[in-house]
Amino acid sequence: MVANVAEPVVERTGSSFPELSNQLEKDLVQVFKLLSDETRLRILMYLMRENEMHVTALCEKLGQSQPAVSHHLALLRVAGLIEARRDGKHNFYSVREKHFHRIIAELFQSISSADQDGIRFKDFLLKQTP
């Protein structure tokens, strides 16, 4: 498993953001937009911890109605971040780890090839560690 860290840096030294493929850029924008919503981020975290959850269990943990939770699940499913498994009348959801990991791995591969130090932001350095 790859560990990623964000750590403070003193000052930007001219390092530029790496060139990303159009598809990777679109995938990252979609993922970050989806995960910028607190409910969707919490859903993803619950699914990662539990491996698989039924909609009713997610509703209880989130304290939200079934239609609201189902809406968030649909957005995550269409984006390819989660998948549904039907068992009778019930849907169980789980994270599509390979898809999510592929997107993040491509980002860090782009970072590695552009600058061994990582991506420098104003106050932070985002880098991949072995």
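Here's what I pulled together on the structure shown here. (Residues numbered from 1 in each chain as written. Predicted model: local features only at pLDDT ≥ 70, side-chain atom pairs only at ≥ 80, totals over all residues. Heavy atoms only, no water.)

### Describing the side chain of D27
- Here D27 is to be found in helix α1 (residues 22-35).
- Of the residues examined, D27 reaches a relative accessible area of 9% and is grouped as buried. (Helix = DSSP H or I, 4+ residues; strand = E, 2+ residues; numbered from the N terminus. Buried < 20%, exposed > 50% of the residue type's maximum accessible area, 1.4 Å probe, protein only.)

### Observations regarding the pairing of strand β3 (residues 82-87)
- Looking at chain direction, β3 and strand β4 (residues 90-95) are connected through 6 bridges and run antiparallel. Counted as the bridge partner of E83 is S94 from β4.
- Between the end of β3 and the start of β4, which pair antiparallel, lie 2 residues, with G88 showing a positive phi angle near 70°. (Pairing = 2+ DSSP bridges.)

### Here's the deal with unusual backbone geometry
- In this structure, N51 takes a positive phi of about 75° despite not being glycine.
- Along the polypeptide, N51 turns up in the loop between α2 (38-50) and β2 (53-54).
- For N51, a relative accessible area of 53% gives the class exposed.

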